[in-house]
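# Structural overview
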Amino acid sequence: MIKRISIALFCICLFCAWNGWNGRISRPYVRQSVFVGYTDVTTNMTANNLPAPLITAASSELTAPTYSAYKCFDNVSTSSYGWLSAQLDTNHCWIKYDWGTNRSYTIQKYNITASHRYNERTPHTWYLWGSNNGGARVQLDYQAGYTFTSNETKSFEIPNTSEYRYYLLDVVRVGDGADNDYTSIQEIRWFKGVYE
Ligand SMILES: [Ca+2]
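Residues numbered from 1 in each chain as written. Predicted model: local features only at pLDDT ≥ 70, side-chain atom pairs only at ≥ 80, totals over all residues.

What follows covers the overall build of the protein chain. Across its full length, the protein chain holds one helix and eleven strands. The order of helices and strands in the protein chain, counted from the N terminus, is α-β-β-β-β-β-β-β-β-β-β-β. Sorting the 196 residues of the protein chain into buried and exposed places 30% on the buried side. In the protein chain, the proportion of contacts linking residues at least 24 apart, taken out of those at least 6 apart, comes to 75%. (Helix = DSSP H or I, 4+ residues; strand = E, 2+ residues; numbered from the N terminus. Buried ≥ 20, exposed ≤ 12 C-beta atoms within 10 Å, placed from the backbone. Contact = placed C-beta atoms within 7 Å.)

Next up, the structure:
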């Protein structure tokens, strides 16, 4: 009996020595993720519902398809045309990007590019909302006091850690903030963080 207990204790000691009693047994190795940058996850659109299953929509469009919502996501910044609302900014003009059923991203940065013309129509004050059902939404960002020059791109990082299917940019004011004008955006791009 004593011999068996001695052999068992000896085996336990060997096991502990092999793995390191103070380290590897009690604390499994966990790799720490390190942020290394952003990657553009925007799918370029050719119509408000193409390519499927993506859908974009806006509070209004001055003329379709010339100023349709998808012109904000076509990856074309060189033309005079982007999205242009038919409403004045006092109506909270908004534009929405929907990745489609069972598709979502954790967006942590977005770019806004102004149109070539009419700087008085570029976003001045806005909210960015995230949603997974198109109804209930979470405020992801709020910016105020911006002005854009022609075709200028500005980047905005947001501390978001959740995936959303819908992202909605809700423009409160345009131009210098005192205007009462249409809302125009040439391009919006969505980025997620890359971690290694
Ligand atoms: Ca565009």
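Here we come to the confidence of the model for the protein chain. Mean pLDDT over the protein chain works out to 87, with 84% of the residues at or above the 70 mark. Within the model, pLDDT remains below 50 along residues 9-27, and this stretch shows four contacts once partners closer than five positions in the same chain are excluded. (pLDDT = per-residue confidence, 0-100.)

This next bit is on the sheet that holds strand β5 (residues 107-113). The pairing of strands in a sheet comes from backbone hydrogen bonds and takes either a parallel or an antiparallel form. Here four strands make up an open sheet; going across it, the order is β1-β11-β5-β8 and the pairing antiparallel. The open sheet is flanked by β1 (35-40) and β8 (153-157), the only strands paired with a single partner. Mean inter-strand twist for the sheet, computed between neighbouring axes without regard to direction, equals 25°. Bridge count for β5 against strand β11 (residues 187-195) is six bridges, and the pairing is antiparallel. Of the residues in β11, the one forming a bridge with asparagine 111 is arginine 189. (Pairing = 2+ DSSP bridges. Axes fitted to C-alpha atoms, helices over the stretch in contact; angles between N-to-C directions.)

The next thing to look at is the environment of alanine 69. For alanine 69, the position within the fold is in the loop between β2 (55-58) and β3 (83-88). Among the residues examined, alanine 69 registers 27 C-beta atoms within 10 Å and is labelled buried. Taking the C-alpha atoms as reference points, alanine 69 and methionine 45, separated by 24 residues in sequence, lie 9.6 Å from one another. Apart from the residues within four sequence positions on either side, alanine 69 is in contact with Asn48, Thr56, Ala57, Ala58, Glu61, Trp83 and Ile95.

A word on the nonpolar core. Membership of the largest hydrophobic core comes to 32 residues, with the highest contact counts inside it found for Cys72, Trp83, Ile95 and Leu169. Looking at this core, the elements that each hand over two or more residues are β3, β4 (93-98), β5, β6 (123-131), β9 (166-174), β10 (182-185) and β11. A per-element tally of this core places β9 first, with five residues. Beyond its immediate chain neighbours, meaning those up to four positions away, tryptophan 83 contacts Ala58, Tyr67, Ser68, Ala69, Lys71, Cys72, Ile95, Ser184 and Ile185. (Core = buried A, V, L, I, M, F, W, Y, C linked by C-beta atoms within 7 Å.)

The next subject is the pairing of β2. Here β2 shows a clear split, with Thr56 and Ala58 buried on one side and none of Ile55 and Ala57 buried on the other. Sheet analysis places β2 next to β4, joined by four bridges and oriented antiparallel. Paired with isoleucine 55 across the two strands is aspartate 98, which belongs to β4.

A few words now on the sheet that holds β9. Here we have five strands laid out as an open sheet, ordered β2-β4-β9-β6-β7, and antiparallel in their pairing. The two strands at the open ends of the sheet, each matched to only one other strand, are β2 and β7 (137-143). Shown here is a sheet whose adjacent strand axes are inclined to one another by a mean of 15°, direction ignored.

This next bit is on unusual backbone geometry. For the bond running from alanine 52 to proline 53, omega is 5°, close enough to zero to count as cis. For proline 53, the position within the fold is in the loop between β1 and β2. Although it is not a glycine, asparagine 102 sits at a positive phi angle of roughly 60°. If you trace the backbone, asparagine 102 turns up in the loop between β4 and β5. A positive phi is found at asparagine 151, a non-glycine position, where the angle reads about 65°. Here asparagine 151 is to be found in the loop between β7 and β8.

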